[in-house]
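In case you want the letters, here they are:
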Amino acid sequence: MYLAAASLLAGVYYSLPSIDAWLLSNQQLTPSELAHEAPALAKSYPSLPLEGLVSYKCQAPSFTAAPKKKEQAIYKWVDASGKTHFGDQQMHASAETVKLQKGASQRFALTINDQQNAMPLDFRDQLEVRIRKNYTVVNELLPPSMLKDANVQLWVFRSLPRYEQFKQKYAPGLAGASYGFHSGNDNIAAVLYKKDKQLMRTAIHEAAHVINLAVLGNTPRWLNEGLAEYLERMKVYSQTAEIEPNKGWLKDLRKSRMPLATLLSSTQDDWNTEQRGSLYAHSWAFVFYLLSQTETKTLFKDYLTETAKRPCERLDFMQFARSRGKLKKLSAGFKGWKPQLATAHVY
């Protein structure tokens, strides 16, 4: 989310109808922490379902492999001028078959609600392709057997009053100006349309939060924001996605570097302070770093797999890396990493 919400105890997203969904969409307290706060919450908000809060037991959903379906082959080749082409027919002798993740497209639903028809048709198509590819990329980081359904309802507003009215309905605790927000409980990502580039990135970012919640569950803030920042830079060329480094965050990282332990142990209160911008920058940087090398990517994929298996918990990455004997090396590697030399990732 682009703008921090107030404290959970101040009633952020309290209007959500289900205590289960309320817990997950806030991503602020674990079930045990939330139960501990139940008396204080009940006192402040008498209508809160205290019984459901205290007895809340989160069960990981069963994972069902995507239905097997014969997929049409996609071919890739490079012409004499060096230009890469894609097609569903083998038009060149050197054409290679592009490996696609099977089943992903059948498990993802995207609806774009364009208020006042704000977007040109070609722009809308580009946006839809990128969001759909985001879902595929996130699932490529998990075993195929853990492919999960996701549904994104994207709302685009040109009118500020209409956007604010919509925000008040679905995110009443989100104070101040913003260009986008999401409500995981309702599968909603909403964006105020100011400029084309801003709309593209903000829509992808907020949609990524909805996808993260559906696929991974309740994740630490650095991971949720880091993945969203990472994915919003995606460009899609036929069946191939390219994710470039974030030049804005690169400038911030040149000024100062945050120790990895500080990032991974950051609290919701930290994200509401002047450290906010630096936490965004380092969350993006750490996700990009993890996905830049084979060893760290393997560790990251293992962590995401364990996270998806326990969607109602927030798995501590430091403890996870330490249990694998990787934390010390990882911290040193991230400290010495030169993000200005990073190159685009291709999926």
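What you see is a predicted model, and the numbers here were worked out from it, not measured in a lab. (Residues numbered from 1 in each chain as written. Predicted model: local features only at pLDDT ≥ 70, side-chain atom pairs only at ≥ 80, totals over all residues. Heavy atoms only, no water.)

To continue, consider the nonpolar core. With 76 residues, the main nonpolar core has Leu154, Trp222, Phe286 and Phe317 as its most contacted residues. Top contributing element to this core by residue count: helix H12 (residues 276-290), with 10 residues. Every residue in contact with Phe286, bar those within four places of it in the chain, is listed here: Trp222, Leu260, Leu263, Leu264, Phe317, Leu330 and Phe334. Ranked by size, the runner-up nonpolar core spans 10 residues in total, among them Phe157, Tyr163, Tyr170 and Phe181. (Core = buried A, V, L, I, M, F, W, Y, C linked by side-chain atoms within 4.5 Å. Buried < 20%, exposed > 50% of the residue type's maximum accessible area, 1.4 Å probe, protein only. Helix = DSSP H or I, 4+ residues; strand = E, 2+ residues; numbered from the N terminus. Contact = heavy atoms within 4.5 Å.)

With that out of the way, let us pick up the sheet that holds strand E7 (residues 188-192). Working definition: the strands of a sheet are paired by backbone hydrogen bonds and lie parallel or antiparallel to each other. Read from one edge of the open sheet, four strands run E4-E5-E7-E6, paired in mixed fashion. This sheet does not close on itself; its edge strands, each paired only once, are strand E4 (108-114) and strand E6 (180-183). Taken pair by pair, the neighbouring strands of this sheet meet at an average axis angle of 15°, ignoring direction. As paired strands, E6 and E7 are joined by four bridges and run antiparallel to one another. Across the sheet, residue His182 finds its bridge partner in E7, namely Ala189. The strands touched by helix H6 (residues 160-170) are strand E5 (150-157), E6 and E7; relative to E7, the strand with the most contacts, the crossing angle is about 155°. Strand contacts of helix H7 (residues 196-215): E4, E5, E6 and E7, with the helix running at about 165° to E7, the strand carrying the most contacts. (Pairing = 2+ DSSP bridges. Axes fitted to C-alpha atoms, helices over the stretch in contact; angles between N-to-C directions.)

Overall, the predicted model of the protein chain reaches an average pLDDT of 79, with 72% of residues at or above 70. Below pLDDT 50 for its whole length, residues 1-39 participates in 119 contacts with residues either more than four positions away or in separate chains. Low pLDDT, under 50, characterises residues 41-71; the predicted model gives this stretch 52 contacts beyond four residues in sequence or across chains. (pLDDT = per-residue confidence, 0-100.)

Before going further, it helps to examine the pattern of salt bridges. Taken as a whole and judged by the stated rule, the model has 12 salt bridges. With its nearest N and O atoms 3.3 Å apart, the salt bridge here joins Lys167 to Glu164. Taken as a pair, Lys167 and Glu164 lie in helix H6 at a separation of three residues, close to a single helical turn. The salt bridge partner of Glu225 is Arg221, with a shortest N-O separation of 3.2 Å. A residue pair is termed a helical-turn pair when its members lie 3 or 4 positions apart in one helix, as Glu225 and Arg221 do in helix H8 (residues 221-231) at four residues. (Salt bridge = Lys/Arg side-chain N within 4 Å of Asp/Glu carboxyl O.)

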